[in-house]
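# Structural overview
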Amino acid sequence: MPMLLLSRKSVPTPNDFTEVQHALHGREFRAEELPFPEKRLKEYVNAGYVSVRHGIIPLNENIFDLLTGKKKWLCVRCGNREQESFAVCSCARCGSKCVYCRHCLTMGIVRACTKLVTWCGPVPELRLPEDVLIGRPLCHWKGSLSSDQQKAAEALLQALEARESFLIWAVAGAGKTEIIYSALEQQLKKGHRVVLATPRTDVVRELLPRIRAAFPDIPVSGLYAGSKETIPDAPLVISTAHQLIRSANRFDCVFIDEVDAFPYHFDAMLDYAVRKAAKPNAPFIFLTATPPDILKNAYLSGKLRGVMLARRYHGYPLPVPRFQWIGNGAHAACKGWLPYPLSLWLRERITQKRQAFIFVPSIALVHELTELLQRSGYTRIAGVHADDPHRHEKLADFREGRLAALVTTTILERGVTVPGVEVAVFGADDRVFDDRALVQISGRVGRSGDCPRGDVVFFHNGKTLAMIRARRQIEQMNRAGGFK
Amino acid sequence: MRCLFCGADFLKPLTFQTVFVLDDTPSFCDTCRGRLAAIAPDACCRCCGRDLSLLESTAVKHHICQDCIWWKHSGRNGLYGTNNALFSYNPLIKEMITRFKFRGDTALAAGFACDLRCAFHRIVKKGSTWRQRLFMTDSSQFVIIPIPVSAHRLRERGFNQAEVLAELIGPPIVQGLVREKHEMKQSKKNRRQRLASRESPFQLNKECIHLLENKKILLIDDIYTTGVTMRLAAHTLIPAHPLSVDSLTLIHG
């Protein structure tokens, strides 16, 4: 008997302790996918190092639910509370009917009987290269900040000292990424784990080489679907919000680039994922050109610290979009007529040797318009959309000037910098283009100091409120920046 | 309505049924439906239910494909009769079956409930006389047996995909077979390895033998690939003395 008692009370030895700690820290596993046998888990739970919780919990928000007895659920892993995406199955593991979440199936099914395991013991030390400890500068970025950027960077550093959240509200092309370099350096020197979350794979792919070049001594991990550049437990992680669902309680500081971009905006799950990945009380730094109303109001009423940058780093105003009526462009394109104003605009761009983005509202229209333009004699034109397997190659071709124009859906609306490009929005009255999207699209133009001006034109079939709001917002920003 | 697979909102076409019958069984949208390759019952192989229009005409003799002719000559058919399949294997159904079977999205199967029930009625109709049909005595002759999975696999996956499909068709379901041995997944083997297996992984469920005697048996599975599983299952059922053994699968691939 004494033997039995002893073995049950035995504390995990330090040796396998670190192994489990590294495997579990900052991540949330389903009990069945643990990298070690489930039996060992019990020791750690008893020792208080590992916490276990149910995957799906009942959610009773108000008295009506209690009265009607209607059951509602919440997926703890992805934060899904949309009752339509829960389903019931007979489960062989627990031997009864089990609810499961259909929302995060791709990461392994979470049933009501599934247990989610995470580390809650001491945080493992970050293994950093020697240089960092000696105190050499980490940031090897050679460029210089404009005075506005410098002020913003200092304000950000102060906010981070106080561990407070911060909003960087900067017009497109103000150089947001450069502003955060000093803050990143400060956080990394303190030995914090930092994540830079963005909504889109394209943005991660663009940011990764830039950040790696700026911080050559630090292992930088890039997380996106199909990524081959992941480094386990890297101090600096650049990730799509989607990939953070598996993380829990991991980061001391979270930078969110383009807070208002499309997936966040629509998918509460990603917001939940980012919040879960951060430690409690971790400061959030939001970077955006078009803050959503919640953040905007919090900033304007002084609840949220922040800074507004209304000038681009090169000191030129934002190009203001002009509107041009074109009739029902989508209909015309389907019929095989190329609308004359678009054709004229494109010909002008080609004679001026300027490259052009043509934004369209749907994937079907990308195909139609690309084909139509190619048939009309514009040869160096390609179309890209989210499902296009060659989109990275086409974008690379465009950057190197082999393509004169790129027909695209809203996937290229942000995070893409091509110097000297001009923009047309074909069918700007479509619902897809809300005011934020239109502001972002206009922000593609004139980003480099060499050609700070350019044409932005919205081809429409009747002005929409979104278009007018977008133009007004750009004009406001220009006024705030001291132009006119 | 929300599409079970792609999540898009769609409207069911306005018919008398959709207007007057309160029906909220989940289903797929028209786009997803259109991308599925349904097999027409009159254009399929009489034995394995494969879509003959996908084959070259030289590989087909008297509405029977070459694989089935091979099976006939091999002498391993035994009691086994015919297979009925609903869809041909294509990228979309592959994606659906991965989500259903390997990721565990059992709700997806409900989208096929209607097709499965229709197919079941067609099979019942085909094997009965008008007199039986009139007095509705025939369907009681049919017994549905889902192809079992091993206990290990059941624990790993949490459910038996054949059973989920069988439950959509409804009673009389009998767990006539059990699978005791745990094997490599069939989907990880190649064709030759599959055809080489002669030893049945199934055993008869002793408690249910009396339910199977003189009954027509319909085996249910998710996919028919080479037909080995079905024939081994039919072979195992011989001691129970069924009238016939046929099968119904969601996919032929």
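Data block above holds the structure.
All values derive from a computational prediction rather than experimental measurement.

### A few points about the interface of chain B and chain A
Counting from both sides, the interface comprises 15 residues of chain B and, opposite them, 15 residues of chain A. Between chain B and chain A, a total of about 1,100 Å² is buried, with carbon and sulfur atoms accounting for 40% of that surface. When the buried area of chain B at its contact with chain A is split by residue, R2, R103 and G158 of chain B rank highest and sum to 39% of it. Applying the counting rule to chain B against chain A returns three salt bridges. Across the chain B-chain A interface, the total number found is eleven residue pairs in polar contact (both at pLDDT 80 or more).

### Some words on the environment of K296 of chain A
Residues and elements named next belong to chain A. Structurally, K296 can be placed in helix α11 (residues 293-300). Here K296 falls in the partly exposed class, since its relative accessible area comes to 25%. Residues K296 and G306 lie ten residues apart in sequence; the distance between their C-alpha atoms is 9.9 Å. In this structure K296 touches W169 and P291, once residues within four positions along its chain are discounted.

### Details of the pattern of salt bridges
In total, this model carries 27 salt bridges over all chains according to the counting rule given. Between D388 of chain A and K394 of chain A there is a salt bridge, with its nearest N and O atoms 2.8 Å apart. The class of K394 of chain A is partly exposed, set by a relative accessible area of 23%. Close ionic contact of R50 of chain B with D67 of chain B constitutes a salt bridge, the shortest N to O distance being 2.5 Å. One end of the pair, R50 of chain B, is in the loop between α2 (30-35) and β1 (60-61); the other, D67 of chain B, is in helix α3 (residues 66-74), and 17 residues separate them in sequence. For D67 of chain B, a relative accessible area of 27% puts it in the partly exposed group. Taken together, the shared-partner salt bridges connect R322, E348, R349, R354, E422 and D455 of chain A into one network.

Thresholds, definitions, all that
- Numbering of residues starts from 1 in every chain and runs along the sequence as written.
- Numbering of ligands from 1 and lettering of chains from A proceed in the order in which they are written.
- Per-residue local features of the predicted model are confined to residues with pLDDT of at least 70, and side-chain atom pairs are confined, for both listing and counting, to 80 or more; whole-chain, interface and lining totals are unaffected and use all residues.
- Remark: hydrogens and water are excluded; side-chain values derive from all non-hydrogen atoms of the structure.
- We call two residues in contact whenever any of their non-hydrogen atoms come within 4.5 Å of each other.
- Buried area: the accessible area, evaluated with a 1.4 Å probe, that two parts lose upon being put together, summed over both parts.
- For salt bridges, the criterion is a side-chain nitrogen of Lys or Arg within 4 Å of an Asp or Glu carboxyl oxygen.
- Counted as a polar contact is a pair of N or O atoms within 3.5 Å, where, for protein atoms, one must be capable of donating a hydrogen and the other of accepting one, and residues adjacent in sequence contribute only when both atoms are in side chains.
- Helix and strand definitions here come from DSSP, where helices need a minimum of 4 consecutive H or I residues and strands a minimum of 2 consecutive E residues; each element is numbered from the N-terminal end.
- The buried label goes to any residue with under 20% of its type's maximum accessible area, the exposed label to any with over 50%, and the partly exposed label to all in between, with areas taken from a 1.4 Å probe on protein chains only.

Honestly, that's just the spatial picture; any functional story needs more than this.
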